[in-house]
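Fold and geometry: a report
Single-letter residue listing:
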Amino acid sequence: RSSSAAEAAPQARDEDEAEEADEQAEDHADAEDQDENESAGSRRRRRRGGRRRRRGESAETDAESGDTDTERVSADQASQDAEDTAEQVEEDAEEAAESAEDHDESGAGSTSSRRRRRRRRRAGDSGGEAEPAADDPERTVVKVREPRKAAEPSDEVQSIKGSTRLEAKKQRRREGREQGRRRVPIITEAEFLARREAVERVMVVRQHGDRTQIGVLEDGVLVEHYVNKEQATSYVGNVYLGKVQNVLPSMEAAFIDIGKGRNAVLYAGEVNFEALGMSGGPRRIESALKSGQSVLVQVTKDPIGHKGARLTSQVSLPGRYLVYVPEGSMTGISRKLPDTERARLKTILKKVVPEDAGVIVRTAAEGASEEELRRDVERLQAQWEEIKKKSKNGGSAPTLLYGEPDMTVRVVRDIFNEDFTKVVVSGDDAWETIHGYVAHVAPDLADRLQRWTSEVDVFATYRIDEQLAKALDRKVWLPSGGSLVIDRTEAMVVIDVNTGKFTGQGGNLEETVTRNNLEAAEEIVRQLRLRDLGGIIVIDFIDMVLESNRDLVLRRLLECLGRDRTKHQVAEVTSLGLVQMTRKRVGQGLLESFSETCVHCNGRGVIVHLDQPAAAGGGKRRKRARAGAAEQ
């Protein structure tokens, strides 16, 4: 054993010495290559200079150099102005290059990896420029991007170069890629049909006076609710010719008057710079918009609380089968459709969609013919031409250019498809509206409409009123005895999961807690859809010990969220076991539709007394206090 160790020691030393010799030889070769390339570059520069002098007089040479200096200064200024616009492209190119480099460097000892290492070493000496490789074409200039400098801690407030909102969007994309978040996978046709057959969906419409209510039931359980009142009409989807009231560069936002009393807000990230003729320049909102200017905008969010409506200048017009995006170039197809249907629709879209527009195909387009899609595109295209005509000849801003249809038509247009077994309609006006619309745009679904003629209330028959009353409570009971407590704050929605009366059926505490959490995950998604909760949502599940159980609960939550049409994203599970997620908030929720703020406490839930209130305990406490005082 000692002899083998003695033989191994000199062998290891020989290997170390051989590696050092190889490194020295490589460094020497690098230095020689650098000297040769520098001398070759200087010879090339001398030759080019000589040819230039031979072409003309020295005065012309001076003029040319002066012009070159002027062009260089203007080019530097232009590149500085366009830096904000190019940041996004540079970010994507850098990440693609890094991934390609990682892939290339996986083959150890390859010539390309050695060449890349040389370029990086030289980049540190030559300030971002590296010498071309032997196999590169003549006069190739190699630029090596400098790595990001690590931010040093500072007590001073730091500013961002360019747009803060664009930088935030890039950071979210980068963090999403680092965490491995990916888009929803495309399902097969078998999975698509299995999902449809798994749940029985029914839509119930009730019109009573000036209020119209629509409930969506899945297996008899209310999961979505829409209400429309004459005095509280939604503005989402309306297109206005607005008037710019104020532009705040420090907030990267502009306030627009759309004729609704309170000004609406347009953020820099929602400005269509291409339509304003600023596709190549810096994307600054103060350069695009000025006070008093008229601008074409569309409402994306209704006013909520003290916040005004949210606007965008990138208009999109929804139809039955697709959403038409004028002046767009992207074409998207719903990922809820199976792969075979997506391929068929993609072929049709190449024929019917104009080159200067983009479309987003809805799930309702399943099975739609080429003629139906073409008719939808032509109708929306004519609608856009009418909007443009009104914006040019429509007079002074603010004015309404296009209004979304009634809530009843809008919900049927956006939701009603092959997934629903029937639509039950109560009310004469509602029946005429829905039947007329479906017979016009989707006659194949007209036989699924049913008119409610009974004297009994349709919502009472389907127990919708009872489920709505429970959805307005703060506490929700789970079928097995557990409970949820849902609280809304200014910053976020907080949901607490409790075991309540659920004590389990055999097994240990971990099994009991996990079963309760699985049941809670399904009910939480239902409550989010029914109450239309949005913004930041934090869920406090009961602590679980096993990692596999935590993953199981998270998978169940994501699986149930797959039925939610509203845009959402589950961010991560924090170190304290809290699940963070976001859900898009468009309009007012269920509670706001059926309540008003208390005039005494202003919605706080307590009334503050500056004076010390008198102790008002229960009857038994009072008796004990009196008995104690008597004894003393």
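Residues numbered from 1 in each chain as written. Predicted model: local features only at pLDDT ≥ 70, side-chain atom pairs only at ≥ 80, totals over all residues. Heavy atoms only, no water.

Regarding the pairing of strand β4 (residues 211-218)
- Within β4, 7 of the 8 residues are buried, which leaves the element mostly enclosed by the surrounding structure.
- Inspection of the sheet shows strand β3 (residues 201-208) paired to β4 by 8 bridges, in the antiparallel sense. Looking at β4, one finds that R201 is bridged to E218. (Buried < 20%, exposed > 50% of the residue type's maximum accessible area, 1.4 Å probe, protein only. Helix = DSSP H or I, 4+ residues; strand = E, 2+ residues; numbered from the N terminus. Pairing = 2+ DSSP bridges.)

Concerning the pairing of strand β12 (residues 322-326)
- By the criterion of burial, β12 is predominantly enclosed, with 4 of the 5 residues buried.
- Examined bridge by bridge, strand β11 (residues 317-318) and β12 share 2 bridges and lie antiparallel to one another. Paired with P318 across the strands is V323, a residue of β12.
- Turn length for the β11-β12 hairpin, with the two strands adjacent in sequence and antiparallel, is 3 residues.

Thoughts on helix α8 (residues 339-352)
- For α8, built from 14 residues, the straight-helix expectation of 20 Å at 1.5 Å per residue is met to within 8% by its first-to-last C-alpha distance of 20 Å.
- Buried residues in α8 make contact with β13 (331-333), β14 (357-361) and α9 (370-393). (Expected span 1.5 Å × (residues − 1). Contact = heavy atoms within 4.5 Å.)

Side note on the sheet that holds β11
- What the 4 strands build is an open sheet, ordered β11-β12-β14-β13; its pairing is mixed. The open sheet has two free edges, formed respectively by β11 and β13, since each of these has just one partner strand.
- Contacts from α9 reach β11 and β12 within the one sheet, and its direction differs from that of β12 by about 40°. (Axes fitted to C-alpha atoms, helices over the stretch in contact; angles between N-to-C directions.)

Observations regarding the sheet that holds strand β18 (residues 475-477)
- Here 6 strands make up an open sheet; going across it, the order is β18-β19-β20-β21-β23-β22 and the pairing mixed. Both edges of this open sheet fall to β18 and β22 (568-573), since each of them pairs with a single strand only. Averaged over all adjacent pairs, the angle separating strand axes in this sheet is 20°, with direction ignored.
- Pairing analysis gives 6 bridges linking strand β21 (residues 535-540) to strand β23 (residues 578-583), with the strands arranged antiparallel. What sits directly across from V538, in β23, is Q580.
- Helix α14 (residues 509-531) rests against β18, β19 (483-488), β20 (492-498), β21 and β23 of the sheet, and its axis sits at about 150° to β20.
- Packing against the sheet, helix α15 (residues 547-561) makes contact with β21, β22 and β23, and its axis sits at approximately 175° to β22.

Points about the side chain of R410
- Among the structural elements, R410 can be located in helix α10 (residues 407-415).
- Although R410 is buried, it makes no salt bridge; E404 carries the closest opposite charge, 4.6 Å away. (Lys, Arg positive; Asp, Glu negative; His and termini not counted. Salt bridge = Lys/Arg side-chain N within 4 Å of Asp/Glu carboxyl O.)

Details of the packing of α10 against helix α11 (residues 428-441)
- Here α10 crosses α11 at 40°, and the two axes come no closer than 10 Å. Put simply, α10 runs oblique to α11. Here the hand of the crossing between α10 and α11 comes out right-handed. Contacts from T408, V409, V412 and R413 in α10 reach T433, I434, Y437 and V438 in α11.
- Taken together, the residues of the contact of α10 with α11 sort by class into 5 nonpolar, 2 polar and 1 charged. (Parallel < 35°, antiparallel > 145°, perpendicular 65-115°, else oblique. Left-handed = near helix turned anticlockwise from the far one by under 90°. Nonpolar A, V, L, I, M, F, W, Y, C, P; charged D, E, K, R; others polar.)

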